[in-house]
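This is what each chain is made of:
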Amino acid sequence: MSFLIVVVVFAVALGGAAASSAVPSRRALPLVPSILPRFVPRGGGASRKHLSLLHEEEEVGPMEVFLRTVRDARRHLCAAAAARCVSIFGMYPMDTVKTRMQMEQANPLRLKGMYKGVGGSLLGQVPYGVLTFGSYEIYKDALLKRLPTTPPAFIYALSAVLGDVTGSGWLCPSEVVKQQLQAGMYPSTSAAVKGIWNKRGFGGFYQGYFGGLARDVPFRVAQLTSYEVTKKIYLRAKARRVVAAPASDDGGVTKAGKVELSPIDAALVGAIAGSFSAAITSPLDRIKTLLMTDSSGYGSTVVSCASKIWEDEGLKGFFAGVVPRVTYIAPSVAIFFIAYEAVQQRMAPSTSE
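Note that this is a predicted model, so its numbers are computed, not measured.

(A) Summary view of the packing of aromatic side chains. If you walk through the whole model with that rule in mind, you get five aromatic pairs. Ring geometry for tyrosine 206 and tyrosine 209: centres 6.1 Å apart, planes at 65 degrees, overall edge-to-face. On the basis of relative accessible area, tyrosine 206 is assigned to the partly exposed category, the value being 28%. An aromatic cluster is defined as three or more aromatic residues linked by ring pairs; in this entry it consists of Phe202, Tyr206, Tyr209 and Phe210.

Rendered as structure tokens:
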């Protein structure tokens, strides 16, 4: 019962991201956070109430900011949690195939064990979401105050990276257990936890930690950059299409005539950006997988692992599993956005605030 309570509590806190690392979540994009309109008045001047709220926001500590962030965005987080669970579960077999190919196992498409470790993966991703989302807001607020002349887009990107680093402390153990189960090294989650502990102790759950960071940080930067570039190109093309044939527009145009991304557009743009980012970071993902599953055979460090791959397999060795990794991303993004919008609309209040 206590296990279920923990799952339910953390289930409202997953920010679309990520991970696993495939979805460009709302928290990670260089956009104005959804909680700010609640503290900034509409119209010309600020009332005493709004000024007091802004003053209160400056006075509270990091933990208060973290809890307020989660509370104020609970509907979005709950929708993201449900969407992330659906996308992870739906595409988990492809992730298993990728892990098997990176470990050069025979018959990586075998059906047995396709969903091994999925429960632990979901349990790891949900708290990871609340940590990354909440810490992102803390880092962003602190950096904006200390670096007022720095371009906001850079601050948002850096905050997202720092948020991922913070959340990785929770995510890494679940990734180690998940990948060793996917590789068929243990028959169950409990056996994996016990085996890792007996072999390496507490540190065993963090084998490959720096390999994970070496993959996730470049992935996040590439994802943010490629998403913004792809979004600009797509919006230009959509604007021309709307001007040429207004009646054919399928959504994403505001009453003021501004062209924006519809949910389907966002899913498509996110899939393109995510697939590109997944492809260029595939060598780092291979290193992370080998360090988490067979670190002793690859020197236990990112550099030694990369050197051994180069010596044994050459350049092509870094791209083992690239096809299932890339094909895993696009459907995951589409599934996430569809589920996210459906849950969020279902949870939206019936009357406007």
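(B) Examining the nonpolar core more closely. Of all hydrophobic cores here, the largest spans 22 residues; its most connected members are Tyr227, Leu261, Phe336, Phe337 and Tyr340. Looking at this core, the elements with two or more residues in it are α4 (74-102), α8 (209-244), α9 (263-280) and α12 (322-347). Here this core gets seven residues from one element, more than from any other, and that element is α12.

(C) Fine view of the packing of helix α6 (residues 152-182) against α8. For the pair α6 and α8, interaxial distance at closest approach is 10 Å and the crossing angle is 150 degrees. Classified by the angle their axes make, α6 and α8 are roughly antiparallel. Once α6 is placed against α8, the crossing between them reads as right-handed. In contact with Ala157, Ala160, Val161, Asp164, Val165, Ser168, Gly169 and Cys172 of α6, α8 contributes Tyr209, Leu213, Val217, Arg220, Val221 and Leu224. Taken together, the residues of the contact of α6 with α8 break down into ten nonpolar, two polar and two charged.

(D) Representation of a nonpolar patch on the surface within the structure. Residues Trp310, Leu315 and Phe319 make up a contiguous nonpolar surface patch of about 350 Å² in total accessible area. For leucine 315, the position within the fold is in the loop between α11 (302-313) and α12.

(E) Region of interest: the environment of valine 97. Mapped onto the elements of the fold, valine 97 is located in helix α4. Put simply, valine 97 and leucine 111 are 14 residues apart on the chain and 9.6 Å apart in space, counted from C-alpha to C-alpha. Residues within four places of valine 97 in sequence aside, it is in contact with Pro108, Leu109, Met114 and Pro324.

The rules behind the values
Residues numbered from 1 in each chain as written. Predicted model: local features only at pLDDT ≥ 70, side-chain atom pairs only at ≥ 80, totals over all residues. Heavy atoms only, no water. Phe/Tyr/Trp six-rings, centres within 6.5 Å; stacked < 30°, edge-to-face > 60°. Buried < 20%, exposed > 50% of the residue type's maximum accessible area, 1.4 Å probe, protein only. Core = buried A, V, L, I, M, F, W, Y, C linked by side-chain atoms within 4.5 Å. Helix = DSSP H or I, 4+ residues; strand = E, 2+ residues; numbered from the N terminus. Axes fitted to C-alpha atoms, helices over the stretch in contact; angles between N-to-C directions. Parallel < 35°, antiparallel > 145°, perpendicular 65-115°, else oblique. Left-handed = near helix turned anticlockwise from the far one by under 90°. Contact = heavy atoms within 4.5 Å. Nonpolar A, V, L, I, M, F, W, Y, C, P; charged D, E, K, R; others polar. Patch = residues over 30% accessible without salt bridge, like charges linked within 9 Å, V, L, I, M, F, W, Y side chains within 5 Å. Areas by Shrake-Rupley, 256 points an atom, 1.4 Å probe, with all protein chains shown as cover. Salt bridge = Lys/Arg side-chain N within 4 Å of Asp/Glu carboxyl O.

Everything listed here is a matter of coordinates, which is why it stays silent on function.
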